[in-house]
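Remarks on the overall topology
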Amino acid sequence: MNRVTVNASKDYNIYIGSGLLKNCGEMIKNEIKGSSSFAAVITDDIVDGIYGDTVIKSLNDAGFKTVKYVFPHGEESKSLETYSDIINFLARNHLTRTDILVSLGGGIPGDMGGFAAATYLRGIKFIQIPTTLLSAVDSSVGGKTAVNLPTGKNLAGAFYQPDLVICDYDTLNTLPGEIFADGCAEVIKYGVIMDKEFFDFLKNNSIKDNIEYVISRCVELKRDIVDSDEKETGIRAILNFGHTVGHAIEINSDFEISHGSAVAIGMIIASKGAFNSGLCKADFSEEIKDVLIKNSLPVSCPFGSRELFDVSCSDKKRSGDTIKLIIPEEMGKCVIKKIPLTSLLDFIEKGL
Ligand code: GLY
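Residues numbered from 1 in each chain as written. Predicted model: local features only at pLDDT ≥ 70, side-chain atom pairs only at ≥ 80, totals over all residues. Heavy atoms only, no water.

**Looking at helix H6 (residues 177-194)**
With 18 residues, H6 extends 26 Å from end C-alpha to end C-alpha; this agrees with the ideal 26 Å at 1.5 Å per step. Among the 18 residues in H6, 14 count as buried, and that is most of the element. (Helix = DSSP H or I, 4+ residues; strand = E, 2+ residues; numbered from the N terminus. Expected span 1.5 Å × (residues − 1). Buried < 20%, exposed > 50% of the residue type's maximum accessible area, 1.4 Å probe, protein only.)

Here it is, written out as structure tokens:
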């Protein structure tokens, strides 16, 4: 088992190992000081069917009284309605500030449970138990929590760090191939933006066969960013590499194209667009493409530049008439460049 410690507004540990789920109750009891022995588990129907009983049993065996809120899986549930149901559920069950909310599952239970934990009673104890590769390497770490609004993804949310993250990578064995691949896109992203050696490792090695090392390395890299810029006033934005166009792809496809697949395509467009626009000296898109293909990710974009541009204009990384782009200057090193919104269409065209 590996341990990575985050030192942000809250210090907390991330444990990465095999077989942790069945011990999660003891881990929570030992780790979370000043908490009561009452825990609400928030999860979706698919994850509940596979891991709900294990987690509840482990919590009960460790002396926790538990309640569970299960919502239908999928992006449609990441809504104000589900959020409101969750906090009403917490209130009906009389959770207090020292009680614990446990988010079990992928990014959606994590983001929504996190936002509920951040806002219910102005903040209660919060544990993340990620069960997808994407949530293990990205969304469970760093405290971004949110729900979608009808006008866009993640538009209502809070920075709220968990008190503990328990990542049992055995849970990845039950993931459908395309959901595992989704997380691979974020793994590859870390190599491109922060760590050439790690990118080279991914070129030559399988993510699945090296899962403990891969998750631990990604979490360490994310920890370094979160420790230095928790609220994304600067460097944290590099984690959004490939995401501006990626979000536009997701939205244009009505979320038929998953987040990871969209980010994969977005990373290629961003690298190629940056080179062809003279914003960096080398074109890394072919090198990135090879690693994406090796990990069963798509590399061509089904939408035109105008469709992508129209949606990108309402991206959170826009500020006034400019938008921040993340540009790979060297392999393993990215920079943030602000370009006028009027240049974005041309940038996307040059990346397609
Ligand atoms: N997923 C990007 C971040 O946490 O900043």
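Picking up after the structure, the text goes on.
**Examining the environment of Arg306**
In this structure, Arg306 sits in helix H12 (residues 305-312). Judged by relative accessible area, which is 47%, Arg306 ranks as partly exposed. In sequence terms Arg306 and Ile32 are 274 residues apart; their C-alpha atoms lie 50 Å from each other.

**Points about the sheet that holds strand S3 (residues 38-44)**
Taken in spatial order, the 7 strands of this open sheet run S1-S2-S9-S6-S5-S3-S4, and their pairing is mixed. Across the chains shown, the open sheet's two edge strands, defined by having one partner strand only, are strand S1 (2-7) and strand S4 (65-71). Averaged over neighbouring strand pairs, the angle between their axes works out to 15 degrees when direction is ignored. The sheet contact formed by S3 and strand S5 (residues 100-105) spans 4 bridges and is parallel. When the bridges of S5 are listed, Val41 appears paired with Val102. Helix H3 (residues 80-92) contacts S3, S4 and S5 of the sheet and is inclined by roughly 165 degrees relative to S4. (Pairing = 2+ DSSP bridges. Axes fitted to C-alpha atoms, helices over the stretch in contact; angles between N-to-C directions. Contact = heavy atoms within 4.5 Å.)

**Here's the deal with the sheet that holds strand S10 (residues 318-319)**
Taken in spatial order, the 3 strands of this open sheet run S10-S11-S12, and their pairing is antiparallel. Edge positions in the open sheet fall to S10 and strand S12 (333-340), since each of these has one partner strand only. Both S10 and strand S11 (residues 322-330) contribute to a ladder of 2 bridges, which runs antiparallel. Pairing of Arg318 across the sheet is with Ile323, part of S11. Along the sheet face, H6 touches S11 and S12 and points at about 85 degrees away from the line of S12.

**Structural notes on the pattern of salt bridges**
Counting across every chain of the model gives 20 salt bridges. Put simply, Lys203 and Asp200 hold a salt bridge, and the shortest N to O gap is 3.7 Å. One end of the pair is Lys203 and the other is Asp200, both in helix H7 (residues 196-204) and 3 residues apart, which spans about a single turn. You can call Lys203 partly exposed: its relative accessible area is 33%. (Salt bridge = Lys/Arg side-chain N within 4 Å of Asp/Glu carboxyl O.)

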